[in-house]
Amino acid sequence: MIRSLMKALPLAAALMAAAAPAAFAQNLLIRGGTIHTGVEAQPTAEVVTVRDGRIAYVGAAAGAPSAEGLEVVDLKGATLFPGFTDGHAHLDGIGWREMTLNLEGSASVVEAMARLSDWARAHPEGVIVGRGWIETHWPEKRFLTAADLDAAAPGRVVLLSRADGHAVAVSSAALSAARIDAATLAPSGGEILKDADGQPTGLLVDGAMVLVEPLTPQADAAATRAAYRAGFGVYARYGWTGVHFMSAPWKDVPLMEAMARDGEVPLRVYNSIDMGDARALMAGGPRDAGDGRIITRAIKFYADGALGSRGAKLFQPYSDRPDTSGLMLASRETVMPLYQEALRSGVQIATHAIGDQGNHEVAAWYEEALRSVPKAEWKLADPRWRIEHAQIIRPSDYHYFDELPIIASMQPSHAIGDLHFAADRLGDARLDGAYAWHTLVDRGVIVVGGSDAPVERGDPLIEFYAAVARRDLNGFQGPDWRPNEAVDRATALKMFTLWPAYASFREKELGTIELGKRADFTAFNIDLMTVPAADIPKGRAVLTVVDGQVVYRAD
C-alpha cells in the first residue's frame, strides 16, 4: 500500500554493503552435484561451463572441455537448477521490509502491539510505518484497530499495512491528521470500517487508504536506493536470479536503470509500472538498461481487492459476511482505452484480479480489447497479457485463459496461507475454481509462479513446496482443499524458471540450462525433484549466478 516510506534508518548502511554485488569472473565450470536442466530431452547433466556469461557446455563430465581459464565451482553435493525467477513481487516493499517495522509472523494482536511498542521506544520521533500483520491466524480473529495502536504507541501517528497491502490500520492521531471521522465517506473502491456507533475503527480498505497517504514520510533518493539494494541482497540470498516487479513506481525506473549501469543490480528486474503512468511508458515504448538487467515493458492494473480483507470482488456475497461482495477498483471505461493503446505500443498488460467476478471482468475486458484492435495495428503478434493472482475463477471462465490466451500469474504460498480462512469466505462450491494451478496447466495455460513478497516471505522453497504439496508449513491441508490442484515437480520447476522467462518475452535466453542461453543458475542444498515434500522448506540456497556472475555463495 505505502511505498514511499521513511528516510533511511541506521540499518540501511549495513544492508547496502551486504547487498552490493561482487565482480566475479564470468567464465565458470560448475560440477560436483546433480544439475537439472529443465530440458526434457536432456533433463540432467554433470557439468556446465560458462564463457562470457553464456552457457558453453552442458553434459557429461567425460565430454567437458578443459577447465583452463575457468573458475571451478564445486557444488559439493548441492543441486543446480535454471535460475529461479519470482514472477510477482514488490521489490521496493521487500527492501523497505528490512528497514521499517516488520510485523510478519506476529502470532496475535498482543505480539504485534508489543513489536509496535518496542519500535516506538527505539524511534521516539516521526510517523511510524510498518507492514506484515495478518489476523487470520491470530487467536483474536479480528483486524487491528486504532485503539490497539493508541495503547501501544500513545499519541503517535501510526500506519500499519496488512500483509496483503490492501488494508491499513491507523492510529487515532492518524485519523485526526487525515480528518477522517464518522461523517467521512469512503472513496470509490474503498471502505472505512466503522463500529456500531458509526465511528471509524481505524481500518481503511483498498481505495480508502489514499486518505492517509499524505501522512507517509517521503523517502529521499539515498533511502530509496538503499531499499532497492536491501531487496537485492535478500533475494540473492534466497536464490532468486530475477524478479517481476509489480507496481514499480515510474519515478524509480531511472534510478534502477542508473543502478544497473553502475553495476549495483545483481538480479534481473522486469518492471510492470502502475497504471497511473501508463501513457508515459507507452509514449516511449519498452525500455531496458544494463544489458537487460532492468527491463520496463508492462503496466500493472488493479481490478479488485484482496480476499483476506474481503475486497476481492465476488459474484455472490461473502459466505462469512453476506452484506458485501467485495470491491471493483477499475471499470471497463477506465481501462479499455489503455488496453487498446497498449496493443498498439507493444506494452504488456498485467491486471490484478482475485475474486471470481474480478477475474471474469478482466478476462472479458481483455477479449474485447484484443478483438476491437485490428491485428494489423498490434505492435506484437503475441502480446502475452497476464492476470496477476487469478485466484478465484468460475470454471465457466477457464476458457478465456486458453483461448485468448491469458498468462495466469499465481502465487502458490497464497493457497497455503489462505486455506485457513478461504473456505469461510467463499463456501465450498467456490473452492472448485480456487488456486486452480493444475486445472489451468492441463488446459495448456502458462502459469507463472511468484511470491507476492512482501505480502508473503518471498522464499522460493516455500513457493515450490506450496505448489507441489498444497499444504501449509505444518503439513495441514484440510478435507476440502482440492488436493488435485497440486502440480508435479517438473511443472513446478517450469513455474519458476521457463514460464517466467516466457512471460517476460525471454524464453530464448532464460529459463533452462541450454547451450547459448544466459548463465543464470540457482543451487539449493537439497534436490527439489526427489527430496520428500515436507523437507523442501527446510532447504536453503547455496549459490546464485546471474550472467555467469556469482552474486551469492553460501559459506
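What you are looking at is a predicted structure, and each value in this text was computed from that prediction instead of being measured.

## Things to note about the sheet that holds strand S11 (residues 158-162)
Then, in step 1: In space, the six strands of this open sheet follow the order S9-S10-S11-S12-S14-S13, with mixed pairing throughout. Looking at which strands have only one partner, the edges of the open sheet turn out to be strand S9 (101-102) and strand S13 (190-194).
Then, in step 2: As judged from the four bridges shared by S13 and strand S14 (residues 200-206), these two strands associate in the antiparallel manner. Residue pairing across strands places Lys194 opposite Pro200, the latter belonging to S14.

## A few points about the sheet that holds strand S5 (residues 54-59)
Then, in step 1: Read across the sheet, four strands follow the order S5-S4-S1-S6 without closing on themselves; strand pairing throughout is mixed. Looking at strand neighbours, the two that pair on one side only are S5 and strand S6 (71-74), the edges of this open sheet. Shown here is a sheet whose adjacent strand axes are inclined to one another by a mean of 15°, direction ignored.

## Focus: the pattern of salt bridges
Then, in step 1: Counted by the stated rule, this structure contains 41 salt bridges.
Then, in step 2: Look at the salt bridges and you will find they share partners, linking Arg54, Arg268, Asp291, Arg293, Arg506, Glu509, Arg518, Asp520 and Asp547 into a network.

## Digging into the packing of aromatic side chains
Then, in step 1: A full pass over the atoms with the stated rule returns 16 aromatic pairs.
Then, in step 2: Ring centres 6.3 Å apart and planes at 75° place the aromatic pair Trp133 and Phe143 in the edge-to-face group. Of this pair, Trp133 sits in strand S10 (residues 128-133) while Phe143 sits in the loop between S10 and helix H4 (146-152), placing them ten residues apart in sequence. Each of the two residues, Trp133 as well as Phe143, counts as buried.
Then, in step 3: By the ring-pair criterion, three or more aromatic residues cluster together here, those being Phe81, Phe84, Tyr235, Tyr238, Trp240, Phe464, Phe496 and Phe524.
Then, in step 4: The ring of Phe505 carries the charged tip of Arg297 above its face, separated from the ring centre by 4.0 Å.

## Details of the packing of helix H15 (residues 460-469) against helix H16 (residues 489-496)
When two helices pack together, their arrangement is given by the angle between the helix axes and by the axis-to-axis distance.
Then, in step 1: Contact pair H15 / H16: the axes reach a minimum separation of 9 Å and the direction vectors enclose 140°. By the angle between their directions, the pair H15 and H16 is classed as oblique. H15 and H16 meet at a crossing whose hand is right-handed. Here Glu463, Phe464, Ala467 and Val468 of H15 lie close against H16, whose contacting residues are Arg489, Ala492, Leu493, Met495 and Phe496.
Then, in step 2: Within the contact of H15 with H16, the residues separate by chemical class into seven nonpolar, no polar and two charged.

## Description of the nonpolar core
For soluble globular proteins, the rule of thumb is that nonpolar side chains tend to be buried together.
Then, in step 1: Membership of the largest hydrophobic core comes to 109 residues, with the highest contact counts inside it found for Tyr235, Tyr339 and Phe401.
Then, in step 2: Non-local contacts of Tyr235, meaning those with residues more than four positions away in its chain, are made with Asp86, Ala89, Ile94, Trp240, Val243, Leu267, Ser451, Ala453 and Gly458.
Then, in step 3: Counting 24 residues, the second-largest nonpolar core is a separate cluster that includes Trp138, Phe143, Ala169 and Leu203.

## Thoughts on the environment of Tyr270
Then, in step 1: Topologically, Tyr270 is positioned in strand S16 (residues 268-274).
Then, in step 2: Counting along the chain gives 28 residues from Tyr270 to Ala298, while the straight-line C-alpha distance between them is 8.3 Å.
Then, in step 3: Discounting chain neighbours no more than four positions away, the residues touching Tyr270 are Val243, His244, Phe245, Ile295, Arg297, Ala298, Gln348, Arg386, Ala503, Ser504 and Phe505.

## Describing the pairing of strand S25 (residues 549-553)
Then, in step 1: Where strand S24 (residues 541-546) meets S25, four bridges bridge the pair, whose relative direction is antiparallel. What sits directly across from Val545, in S25, is Val550.

## A word on the confidence of the model for the protein
Then, in step 1: Of all residues in the protein, 95% have pLDDT values of 70 or greater, and the mean over the chain is 93.
Then, in step 2: Low pLDDT, under 50, characterises residues 1-24; the predicted model gives this stretch 62 contacts beyond four residues in sequence or across chains.

## Notes on the packing of helix H6 (residues 221-238) against helix H7 (residues 253-261)
Then, in step 1: Their axes nearest at 11 Å, the elements H6 and H7 cross at an angle of 60°. One way to sum up the angle between H6 and H7 is to call them oblique. Along this stretch, H6 crosses H7, giving a crossing that reads as right-handed. Every residue of H7 that contacts H6 at Thr224, Arg225, Tyr228, Arg229 and Phe232 is listed here: Leu255, Met256 and Met259.
Then, in step 2: Tallied by class, residues from the contact of H6 with H7 come to five nonpolar, one polar and two charged.

Scoring rules and cut-offs
Counting of residues starts from 1 at the beginning of each chain's written sequence and follows it residue by residue. With pLDDT at 70 or above as the cut-off, local features in this predicted model cover only qualifying residues; side-chain atom pairs require 80 or more to be listed or tallied, and sums for whole chains, interfaces and linings still use all residues. Remark: hydrogens and water are excluded; side-chain values derive from all non-hydrogen atoms of the structure. The rule for pairing is simple: two strands pair if DSSP sees at least two bridges between them. The secondary structure listing takes helices from DSSP runs of H or I that are at least 4 residues long and strands from runs of E that are at least 2 residues long, numbered from the N terminus. Orientation is described by lines fitted to C-alpha atoms, with helices fitted over the stretch in contact, and by angles between N-to-C directions that extend from 0 to 180 degrees. The salt bridge definition used is simple: a Lys or Arg side-chain nitrogen within 4 Å of an Asp or Glu carboxyl oxygen. A pair of Phe, Tyr and Trp rings is counted when the ring centres sit within 6.5 Å of each other, with Trp represented by its six-membered ring. The angle between the planes then sorts it: under 30 degrees is stacked, over 60 is edge-to-face, the rest tilted. Here the term buried applies to any residue with accessible area under 20% of the maximum for its type, exposed to any over 50%, and partly exposed to those in between, with areas from a 1.4 Å probe on protein chains only. Placement of a charge over a ring requires the Lys NZ or Arg CZ to be within 6 Å of the ring centre, with the centre-to-atom vector within 35 degrees of the ring normal. Each angle is binned into one of four classes, with values under 35 degrees roughly parallel, values over 145 roughly antiparallel, values of 65 to 115 roughly perpendicular, and all other values oblique. Whether a crossing is left-handed or right-handed is set by the direction in which the near helix is turned from the far one by less than a right angle, anticlockwise for left-handed and clockwise for right-handed. In what follows, a contact means two residues having at least one pair of non-hydrogen atoms within 4.5 Å. Gly counts as polar in this scheme, as do all residues outside two lists: the nonpolar Ala, Val, Leu, Ile, Met, Phe, Trp, Tyr, Cys and Pro, and the charged Asp, Glu, Lys and Arg. For our purposes a nonpolar core is just a set of buried Ala, Val, Leu, Ile, Met, Phe, Trp, Tyr and Cys residues, chained together by side-chain atoms within 4.5 Å. Each residue carries a pLDDT score, the predictor's confidence in it, ranging from 0 to 100.

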